[in-house]
Amino acid sequence: MTVTLGLHVLQDDIAVANKRGRQLNIDVMESIISITQHFHNDGWVWRVNYGAKDYIGRRGGDLIIEVNSKDITIQKVLWGQ
């Protein structure tokens, strides 16, 4: 099923990160999601971390997506090892 995101969703940092996470085959609903904010160059960046809920006995595999808060663009996509 195709879903069109409205302007109000596209202006939401976390919704943009979730969309990219799903494109990378992350099950957002089955992830532990943590969000941090830091200042980088000329503005704030949101770092959204997707980790597995069943993390016991598992190493790495987290997905980290950084979103620029000014223009809601994805700055970085990092995979944990």
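The preceding data block contains the structure.
In this convention, every chain numbers its residues from 1, walking through the sequence in written order. pLDDT decides what is reported in this predicted model: residues at 70 or higher carry local features, side-chain atom pairs at 80 or more are listed and counted, and totals for whole chains, interfaces and linings draw on all residues regardless. With hydrogens and water excluded, all non-hydrogen atoms of the structure serve as input to the side-chain values.

Asker: What should I look at first to understand the pattern of salt bridges in this one?
Answerer: Basic side-chain nitrogens of Lys or Arg form a salt bridge, by our definition, when they fall within 4 Å of a carboxyl oxygen of Asp or Glu. On inspection of all chains with the given rule, the structure shows two salt bridges. Asp42 serves as the salt-bridge partner of Lys70, at 3.7 Å between the closest nitrogen and oxygen. Of this pair, Lys70 sits in the loop between strand 3 (63-68) and strand 4 (74-79) while Asp42 sits in the loop between strand 1 (31-40) and strand 2 (43-52), and the two are 28 residues apart along the sequence. Each member of the pair, Lys70 as well as Asp42, is classed as exposed. Across the pair Arg47 and Glu66 runs a salt bridge whose closest N-O atoms are separated by 2.2 Å. Of the two residues, Arg47 sits in strand 2 while Glu66 sits in strand 3, which places them 19 residues apart along the sequence. Only protein chains enter the calculation, and the probe is 1.4 Å; a residue is then buried if its accessible area is under 20% of its type maximum, exposed if over 50%, and partly exposed in between. Take Arg47: its relative accessible area is 31%, and that puts it in the partly exposed class. Owing to a relative accessible area of 4%, Glu66 belongs among the buried residues under this scheme. Secondary structure follows DSSP: runs of H or I at least 4 residues long count as helices, runs of E at least 2 residues long count as strands, and numbering of each begins at the N terminus.

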